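# Residue-level structural notes
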Amino acid sequence: MSRIIVITSGKGGVGKTTCTANLGMALAKMGRNVAVIDADFGLRNLDLLLGLENRIVYTAVEFLAGQCRLEQALVKDKRQPRLSLLPAAQNRMKDAVTPEQMKQVVGQLTDKFDYILIDSPAGIEQGFQNAISGAKEAVIVTTPEIAAVRDADRVVGLLEANGVRRINLIVNRIKPAMIEANDMMSVDDVREILAIGLIGVIPDDEKVIVSTNRGEPLVLAEENSCFARSAFENIARRIEGEQVDFLEIDAPKDGFFSWLRKVLSAKII
């Protein structure tokens, strides 16, 4: 039975697409058949992060219109054949696909793939509704910034209202030095506000930017010294059900962000 996981946040720019690309590739490296779906119609980027932009012939829109078969729209990664991308159309708006159509797409992938990862667009409008419509699980990606955490809290409520109960958290772009200086929310701060299970902590690493610009997911990089790469691989292992230790990144308990955590501790639905 396929696991259908939407990767979402609410706020843009927190690293959803980077997480989708790296987690999809990490799971494929572990021997799982993985489909990653770009649900950001009109502003697709997942193909760029995977380095597959020049291999796209058809998209999900052409498949739904009956202009191609699903197999023609799927782009298989030559570096890791167990990973396939279903791209979004750049020349269409987010309402070009309905939630019912997204369910149809996902339903036809479930017999072929162990994991279906859906990269949700920013916001909570039509694109978000499309992305979550076929999902059974969700991964919330947030950075330790108050605007991102507040938006993530709103998305948690919407996911629960739409029947998605298995929700996990990735805290991205952690800067330990700023946490120690009490200038950044700690992982515990974020967890306390969102009250969902933690599945990963990703430190801020410039190698993520380099890999993004190259169109090569970090988990494919040859060097083994990258801290962020290890974080992505550990998250994939946790998704698989392994018990893996978390990164130990703590902050002092007193100060501005501890006060802010208390102020925002009430759930925003």
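Fair warning: this is a prediction, and the values are worked out from it, not measured in the lab. (Residues numbered from 1 in each chain as written. Predicted model: local features only at pLDDT ≥ 70, side-chain atom pairs only at ≥ 80, totals over all residues. Heavy atoms only, no water.)

### Some points on helix α10 (residues 206–214)
One side-chain oxygen at the N-terminal end of α10 lies 2.9 Å from the backbone nitrogen of K207; it belongs to D205. Of the residues one or two after α10, G215 is the one with positive phi, at around 70°. (Polar contact = N/O pair within 3.5 Å; in protein donor to acceptor, adjacent residues only side chain to side chain. Helix = DSSP H or I, 4+ residues; strand = E, 2+ residues; numbered from the N terminus.)

### Thoughts on the pattern of salt bridges
For the coordinates displayed, the defined rule picks out eight salt bridges. For R44, the salt bridge is made with D47, and the minimal N-O distance between the two is 3.4 Å. The two residues R44 and D47 agree in class, both being buried. With a closest N to O distance of 2.6 Å, D77 and R79 form a salt bridge. (Salt bridge = Lys/Arg side-chain N within 4 Å of Asp/Glu carboxyl O. Buried < 20%, exposed > 50% of the residue type's maximum accessible area, 1.4 Å probe, protein only.)

### Some points on unusual backbone geometry
One non-glycine residue with positive phi stands out, namely N182, at about 65°. Positionally, N182 belongs in the loop between α8 (176–180) and α9 (187–194). Judged by its relative accessible area of 17%, N182 is buried. Of note in this structure, A195 is not a glycine but carries a positive phi near 55°. Positionally, A195 belongs in the loop between α9 and β8 (197–203). Of the residues examined, A195 reaches a relative accessible area of 58% and is grouped as exposed.

### A look at the packing of helix α7 (residues 146–161) against α9
At a minimum axis separation of 10 Å, α7 and α9 run at an interaxial angle of 30°. Between α7 and α9, the crossing angle belongs to the class labelled roughly parallel. Crossing of α7 over α9 shows right-handed handedness. Contact residues: α7 offers V149, A152 and D153, while α9 offers V190, I193 and L194. (Axes fitted to C-alpha atoms, helices over the stretch in contact; angles between N-to-C directions. Parallel < 35°, antiparallel > 145°, perpendicular 65-115°, else oblique. Left-handed = near helix turned anticlockwise from the far one by under 90°. Contact = heavy atoms within 4.5 Å.)

### Some remarks on the pairing of strand β1 (residues 3–8)
Burial analysis of β1 places six of its six residues in the buried class, the great majority of the element. Because side chains alternate across β1, one face comprises the buried residues R3, I5 and I7, and the other comprises I4, V6 and T8, equally buried. Inspection of the sheet shows β1 paired to strand β5 (residues 115–119) by five bridges, in the parallel sense. If you follow V6 over to β5, its bridge partner there is I118. Pairing between β1 and strand β6 (residues 137–142): four bridges, direction parallel. Among the inter-strand pairings, I7 is bridged to a residue of β6, identified as V139. (Pairing = 2+ DSSP bridges.)

### Section: the sheet that holds strand β2 (residues 34–38)
Pairing between the strands of a sheet is mediated by backbone hydrogen bonds and can be parallel or antiparallel. Strand order in this open sheet of eight strands is β3-β4-β2-β5-β1-β6-β7-β8, and the pairing throughout is mixed. Strands with a single pairing partner mark the edges of an open sheet, and in this sheet they are β3 (75–76) and β8. Relative to strand β4 (residues 83–86), β3 runs antiparallel, the two being bridged by two bridges. Counterpart to V75 in the pairing with β4 is L85. Those strands touched by α9 are β6, β7 (166–174) and β8, and its axis lies near 150° from that of β7.

### Considering the UniProt feature "binding site: ATP" (unreviewed entry) in the protein
According to UniProt, the "binding site: ATP" (unreviewed entry) feature falls on K11, G12, G13, V14, G15, K16, T17 and T18. Its place among the elements puts G15 in the loop between β1 and α1 (16–29). With residues up to four places along the chain from it excluded, the contact list for G15 reads V141, N172 and R173. With respect to the helices and strands, T18 occurs in helix α1. Sequence-distant contacts of T18, defined by excluding residues within four places in its chain, comprise L49, V208, T212 and F232. (UniProt positions renumbered as here; feature names shortened; annotations may be inferred.)

### Looking at the pairing of β4
Burial of β4 is two-sided: the residues L83 and L85 facing one way and the residues S84 and L86 facing the other way are all buried. Alignment of β2 against β4, held across four bridges, turns out to be parallel. Paired with I37 across the strands is L86, a residue of β4. Between the end of β3 and the start of β4, which pair antiparallel, lie six residues.

### Focus: the nonpolar core
Within the largest apolar cluster, 52 residues are counted, with the highest numbers of intra-cluster contacts made by L109, I118, I140 and L159. Of the residues forming this core, the biggest block, six residues, is contributed by α7. In contact with I118, not counting residues within four places along its chain, are I4, I5, V6, I7, I37, A39, V106 and A131. In terms of nonpolar packing, the next biggest core, distinct from the first, is built from 38 residues, L83, Y115, I170 and I239 among them. (Core = buried A, V, L, I, M, F, W, Y, C linked by side-chain atoms within 4.5 Å.)

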